[in-house]
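Here are the chains, one letter per residue:
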Amino acid sequence: MSDSLPATPHSIISDHPVDRTMLDRTVLQPSLDVQGTTMGGETVLLDLSTGRYYTLNQLGSVIWEHCTGHSTISDIHAVLCDRFDVAPERALDDLVALVNHLIQEGLLQQERR
Amino acid sequence: MEQKKEQYVQPVVVKHE
């Protein structure tokens, strides 16, 4: 008999970089100890577990606002391309770079659907 | 009519003390 836990539909991935082949199956959400507030288009993030705080510029804030556990990375990419004057390739490169940075800092968690 | 898009700037996060 196995002691394994029952399978869940979603699985949280640790602090690995984003898998670019799974962008349409990867959702993002803030880590438990992170509080964020957006003011004047910019966002301040406070990591209560480390005492560090971070600021996001306008584009970073738009991305952060979609990291609620509902939108996939592909969804967020589509929002950026629809709203901003940017080449899709550049938007994706910048999005993945920012998300990887936020994951590395422990501010974001990624979850596979 | 073509939709007017906002200016794009690279998304940035800055870590503070």
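Conventions we followed
- Residues numbered from 1 in each chain as written.
- Chains lettered and ligands numbered in written order.
- Predicted model: local features only at pLDDT ≥ 70, side-chain atom pairs only at ≥ 80, totals over all residues.
- Pairing = 2+ DSSP bridges.
- Helix = DSSP H or I, 4+ residues; strand = E, 2+ residues; numbered from the N terminus.
- Core = buried A, V, L, I, M, F, W, Y, C linked by C-beta atoms within 7 Å.
- Buried ≥ 20, exposed ≤ 12 C-beta atoms within 10 Å, placed from the backbone.
- Arc of directions from axis to C-beta.
- Contact = placed C-beta atoms within 7 Å.

**Observations concerning the pairing of strand E3 (residues 34–39) of chain A**
Residues and elements named next belong to chain A.
Link 1 in the chain: Sheet topology places E3 next to strand E4 (residues 42–47); six bridges connect them, and they run antiparallel. Within E4, the residue paired with Thr38 across the bridge is Thr43.
Link 2 in the chain: As consecutive antiparallel partners, E3 and E4 are separated by two residues, and within that stretch Gly40 has a phi angle of approximately 60°, a positive value.

**Quick word on the nonpolar core**
All names here are of chain A.
Link 1 in the chain: With 22 residues, the main nonpolar core has Leu28, Ile63, Leu95, Val99, Leu102, Leu107 and Leu108 as its most contacted residues.
Link 2 in the chain: Elements that contribute at least two residues to this core include exactly strand E2 (26–30), strand E5 (52–56), helix H1 (58–65), helix H2 (73–83) and helix H3 (88–104).
Link 3 in the chain: Ranked by residue count, the leading element in this core is H3, at six residues.

**Quick word on H2 of chain A**
Residues and elements named next belong to chain A.
Link 1 in the chain: Along H2, the residues that are buried comprise Ile73, Ile76, His77 and Leu80. Viewed end-on, H2 has its buried residues packed into an arc of 100°, placing them on one side of the element.
Link 2 in the chain: Residues of H2 that are buried sit in contact with E2, H1, strand E6 (84–85) and H3.

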